[in-house]
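Below, each chain spelled out in residue letters.
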Amino acid sequence: MNAKKFWFLVTLGVCQVSSSPVSFCPDDSDICFQWAVPEAGSENVYLQIDAPTSYQWIGLGIGKQMAGAAMFLVYEDGQGNVTVSNRNGKGHSMPLLGDQDSISLLDGSGVKDGRMIANVLYKNSGKLDVSGSSDWIMAKKEGASLASVDPDASVAVHDSHSAFSVNLAQASVSVDSNPFSENNDNGNDVSGGDATSVTETNSNPNSNLILAHGVILTVVFVAVYPLGSLLMPWLGKWYIHAAWQMVGFLAMWAGFGIGYVVSSDLDIFFDQTHTRLGVVVVALLGMQPILGLLHHIQYRRQGARGAFGHVHIWYGRALIIMGMVNGGLGLQLTGASDTYVIVYSVVAGISALMYAGYSTFKAIKTEEKKK
Ligand code: HEM
Ligand SMILES: *[C@@H]1O[C@H](CO)[C@@H](O)[C@H](O)[C@H]1NC(C)=O
């Protein structure tokens, strides 16, 4: 091959890469997306969402997770076309209607041969970095047609979701007009799609933190606190009980800190029962070491359990139980399967029963000794 021919081919190759939309079908599914960014550098970004009508809705979103994502929801409008709705993700709840003016449905959209096709023009006001790699999420829900022209239609939660990054620098098209148009006579090549411009990513960037949060607090509330409570009547050594519970207390704050970070990131901090009850239980338990100390001082002075002792015991028991219940609520929040929730409830129940059983046994024995 001579040099001239070589450079001709290189130029051709570069042109081809740089003049076609990027296409991607996540998880090798029957749902496909395309992205095209005009070379001229306007705020226009062209998107295509193409999926079978067996889906009730398809969502494509800019971001790593629901919270903070700008989303494009597509569903049938019941009139042979599709509705595209711009939504803002607010954590793990139905995304709220966004700025409908930032999107428009283009030519070539419609419901044909059992597929919904949405060709969308998105006016990018800086939300999306088109100069390189950008983070995207998608979710889908199977079911009957929503048949709604309302962009604010309410949708039920997805069957599944995934995440990936797309290199939009490789999605440039030469002409700033609908590259997915049926009468594609505008010179843009839609044949393409370069697999290397899309990388699948972790669809739940917080999953490890959520796991750590759950494991730490389960160990603290289901094992460490109940065992530490048992240690007191069992060994009768206040300092062993105090040291043990303080380890649990510190771990609890660490677990709470992780929960705070994750829930702030997901925009759900103090938004539902689990995050609210968690704050309340942890804050109220903040008093427990002080109550324990006051009880200890009172006990040494009076040689018998006084008011602080009773409060320390019953306040503690109530809060440990509330913490156990809140663990179950947390599992539900992550969408854990019923099996996990049942296993958790059984283990927490056994732990509580063991503690209750031993405390009662010990109390009866002490009563008998007195007689
Ligand atoms: C009614 C509407 C929706 C509800 C109630 C909802 C609820 C949830 C819940 C509970 C989770 C966590 C459980 C899990 O990981 O499976 C989650 C995760 C996720 N959802 Fe949604 N969702 C809705 C709509 C959407 C839409 C429209 C998208 C589209 C882009 C989406 C994308 C995702 C993604 C990518 C994740 C994993 C990352 C993250 O945790 O944010 N969701 N959603
Ligand atoms: C769907 O709506 C878009 C935007 O109004 C239009 O360009 C397109 O031709 C419509 N498709 C059908 C099949 O009517």
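Here the structure is a predicted model, which is why all the values come from computation and not from measurement. (Residues numbered from 1 in each chain as written. Chains lettered and ligands numbered in written order. Predicted model: local features only at pLDDT ≥ 70, side-chain atom pairs only at ≥ 80, totals over all residues. Heavy atoms only, no water.)

### Let's talk about the site of ligand 2
Link 1 in the chain: Residues in close proximity to ligand 2 include Gly80, Asn81, Leu105, Leu106, Asp107 and Ser109, which together make up its full environment.
Link 2 in the chain: Asn81 is positioned with one of its side-chain polar atoms (N or O) 2.4 Å from an oxygen atom of ligand 2.
Link 3 in the chain: The backbone of Ser109 places a nitrogen or oxygen atom 2.8 Å from a nitrogen atom of ligand 2.
Link 4 in the chain: Computed on the free molecule, ligand 2 has an accessible area of 360 Å², of which 50% lies beneath the protein chains in the complex.
Link 5 in the chain: Looking at the shell around ligand 2 residue by residue, the class counts come to two nonpolar, three polar and one charged. (Near = heavy atom within 4 Å. Polar contact = N/O pair within 3.5 Å; in protein donor to acceptor, adjacent residues only side chain to side chain. Areas by Shrake-Rupley, 256 points an atom, 1.4 Å probe, with all protein chains shown as cover. Nonpolar A, V, L, I, M, F, W, Y, C, P; charged D, E, K, R; others polar.)

### Overview of the side chain of Ser162
Link 1 in the chain: Here Ser162 lies in strand 12 (residues 160–167).
Link 2 in the chain: Using a relative accessible area of 7% as the deciding quantity, one classes Ser162 as buried.
Link 3 in the chain: Residues within four places of Ser162 in sequence aside, it is in contact with Pro26, Asp27, Trp136, Ile137, Met138 and Ser203. (Helix = DSSP H or I, 4+ residues; strand = E, 2+ residues; numbered from the N terminus. Buried < 20%, exposed > 50% of the residue type's maximum accessible area, 1.4 Å probe, protein only. Contact = heavy atoms within 4.5 Å.)

### Quick look at a nonpolar patch on the surface
Link 1 in the chain: Where nonpolar side chains cluster on the molecular surface, the patch consists of Met287, Ile290, Leu293, Leu294, Ile297 and Phe308 and spans about 490 Å² of accessible area.
Link 2 in the chain: Among the elements that line the nonpolar patch, the one with the most residues is helix 5 (residues 288–302), at four residues.
Link 3 in the chain: Looking at the element boundaries, Ile297 is found in helix 5.
Link 4 in the chain: Given the relative accessible area of 35%, Ile297 is considered partly exposed. (Patch = residues over 30% accessible without salt bridge, like charges linked within 9 Å, V, L, I, M, F, W, Y side chains within 5 Å. Salt bridge = Lys/Arg side-chain N within 4 Å of Asp/Glu carboxyl O.)

### Overview of the coordination of the iron atom of ligand 1
Link 1 in the chain: Met66 (SD) and His158 (NE2) make up the full set of protein donors to the iron atom of ligand 1, lying at 1.9 to 2.1 Å.
Link 2 in the chain: Between the six donor atoms coordinating the iron atom of ligand 1, the angles at the centre fall across 85 to 179 degrees, so the site counts as octahedral. Linking Met66 in the loop between strand 4 (55–62) and strand 5 (70–76) with His158 in the loop between strand 11 (133–142) and strand 12, this pair joins segments that are 92 residues apart in sequence.
Link 3 in the chain: Among the residues examined, His158 registers a relative accessible area of 23% and is labelled partly exposed. (Donors = N, O, S within 2.8 Å, 3.2 Å for Na, K, Ca; no water. Tetrahedral: all angles 85-135°; square planar, octahedral: opposite > 155°, others 65-115°.)

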